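# Structural description and commentary
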Amino acid sequence: MSDIIVDVRNLTKQYGRQLALEDVSFRIKQGSIVGLIGPNGAGKTTIMKIMGGLAFPTDGALTMYGASDEKGLNHARTRMSFMIETPYEKERMTAKENLEKQRLQKGIPDKSRVDEVLKLVNLENTGKKIVKNFSLGMRQRLGLANALMGKPEFMVLDEPINGLDPEGIVEIRELLRKLNREENVTMVISSHILSELSLLCTDYIFINHGRIKGVFTAEELKQACSEFYHIDTDNNEKAGAILLRECSVQRLETMEDGSLRIYDGLDRIHDISKTLYENGIIPVELSRNEVNLEDYYMRMVRE
């Protein structure tokens, strides 16, 4: 049996004249945690809605758990849970009442499951407080509790840590990690807190303007997020030309502030510095750094 549980092939989604997704393809393996990364309007939520059956592709194919027809996809979705955009809740009801309503609608016979998931997301002590008076972070926890009710094999989560304080973020991160490791729950997570995704994800999908910009494993992304030297001089334009011409630097990037980054020749930095001096260029700053996930994301968006 294949370990590929989601296979998206050449997916396109158009709303009127607006192209939300264009020729999108990716695969998701069983047991992975996939970070779906892109700016607002990139197409992340559209992908999640199509997986959840809340939107339908204009073109292309979606296969989940081996099924690609409507009946088969609907059956596959019974093994999944979704928290997309605003978490579903009744504002005049308590957290427990909300989950009890969901338990009955989903046909879950185990009445103790409500208290179990409330404890998992640290909402067991909310008592008679109605959801209308919940903070944003508490609403996010309730949305996550709802997604956990049916003990899903695959979770699709849109900004699950939005509004949480640092302690809450750590708790949810550890909960998701535990579900993945101990129960082999596969996840797709969209989040703007990229530092958290880097601590959690096994795979990454970068999307911008409705097109896939890159699909990486964590190890591949680590290699892409390579080390570099940050160089700032009294004449960066001239320094860049010298680095390309005399130092055989091939990977050079000019930043928005005019400073330079070089990604190759790191073992020759003393020779590079000497060459700059000999050409009358004075380095103001010369430091070794590493591209992190945020840096890579910003570079992708600029490109």
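As a reminder, the structure under discussion sits directly above these lines.
These remarks concern the structure in this document.

What counts, and where the lines are drawn
Residues numbered from 1 in each chain as written. Predicted model: local features only at pLDDT ≥ 70, side-chain atom pairs only at ≥ 80, totals over all residues. Heavy atoms only, no water. Helix = DSSP H or I, 4+ residues; strand = E, 2+ residues; numbered from the N terminus. Areas by Shrake-Rupley, 256 points an atom, 1.4 Å probe, with all protein chains shown as cover. Lys, Arg positive; Asp, Glu negative; His and termini not counted. Charge placed at Lys NZ, Arg CZ, Asp CG, Glu CD. Buried < 20%, exposed > 50% of the residue type's maximum accessible area, 1.4 Å probe, protein only. Contact = heavy atoms within 4.5 Å. Expected span 1.5 Å × (residues − 1). Axes fitted to C-alpha atoms, helices over the stretch in contact; angles between N-to-C directions. Parallel < 35°, antiparallel > 145°, perpendicular 65-115°, else oblique. Left-handed = near helix turned anticlockwise from the far one by under 90°. Pairing = 2+ DSSP bridges.

## Observations regarding the overall build of the protein chain
Within the protein chain one finds 11 helices and 13 strands. Taken along its principal axes, the extent of the C-alpha atoms in the protein chain is 80 × 45 × 40 Å. Here the protein chain displays about 15900 Å² of accessible surface, and carbon together with sulfur accounts for 47% of that area. With 41 positive and 46 negative side-chain charges, the protein chain shows a separation of 8 Å between the mean positions of the two kinds.

## Focus on the environment of leucine 21
Looking at the secondary structure, you find leucine 21 in strand E2 (residues 18–29). Leucine 21 gets classed as buried once you look at its relative accessible area, which sits at 0%. Along the sequence, leucine 21 and arginine 211 sit 190 residues apart, while their C-alpha atoms lie 6.2 Å from each other. Residue contacts for leucine 21: discarding those within four places in its chain leaves Leu11, Thr12, Lys13, Gly43, Thr46, Ile47, Ile50, Ile207 and Gly210.

## Notes on helix H5 (residues 136–148)
A rise of 1.5 Å per residue sets the reference length of H5, with its 13 residues, at 18 Å; its end C-alpha atoms lie 19 Å apart and thus fit the reference within 8%. Across the 13 residues that make up H5, a large majority, 12, are buried. Among the residues of H5, those classed as buried are Gly137, Met138, Arg139, Gln140, Arg141, Leu142, Gly143, Leu144, Ala145, Asn146, Ala147 and Leu148. In this fold, the buried residues of H5 make contact with strand E5 (80–83), helix H3 (95–105), helix H4 (112–120), strand E6 (154–158) and helix H6 (166–183).

## Some thoughts on the packing of H3 against H5
Two quantities define a packed helix pair, namely the angle between the helix axes and the distance between the axes. Closest axis-to-axis distance for the H3/H5 pair is 10 Å, and the angle between their directions is 25°. Taken together, the axis directions place H3 and H5 in an arrangement best described as roughly parallel. Here H3 and H5 pass one another in a crossing that is right-handed. Within the contact between the two elements, H3 uses Ala95, Asn98, Leu99 and Gln102 and H5 uses Leu142, Ala145 and Asn146.

## A few points about the sheet that holds strand E7 (residues 186–190)
In a beta sheet, neighbouring strands pair by backbone hydrogen bonds and run either parallel or antiparallel. Spatial ordering of the open sheet is given by E5-E6-E7-E3-E8-E9, a layout of six strands whose pairing is mixed. Looking at which strands have only one partner, the edges of the open sheet turn out to be E5 and strand E9 (211–217). Going from strand to strand, the sheet's axes swing by 15° on average, the running direction of each strand aside. Here four bridges tie E5 to E6, and the two strands are oriented parallel to one another. By the bridge assignment, methionine 83 is partnered in E6 with leucine 157. Packing of helix H11 (residues 293–302) onto the sheet brings it into contact with strand E3 (33–37), strand E8 (203–208) and E9, and relative to E8 it is tilted by some 30°.

## Here's the deal with the packing of helix H9 (residues 236–246) against helix H10 (residues 269–278)
One can describe the packing of H9 onto H10 by two numbers: an axis separation of 10 Å at closest approach and a directional angle of 125°. Relative to H10, the element H9 is oriented oblique. H9 and H10 meet at a crossing whose hand is right-handed. Contacts between H9 and H10 involve Ala239, Ile242, Leu243 and Glu246 from the first element and Ile272, Thr275 and Leu276 from the second.

By themselves, these observations are geometric and do not establish any function.
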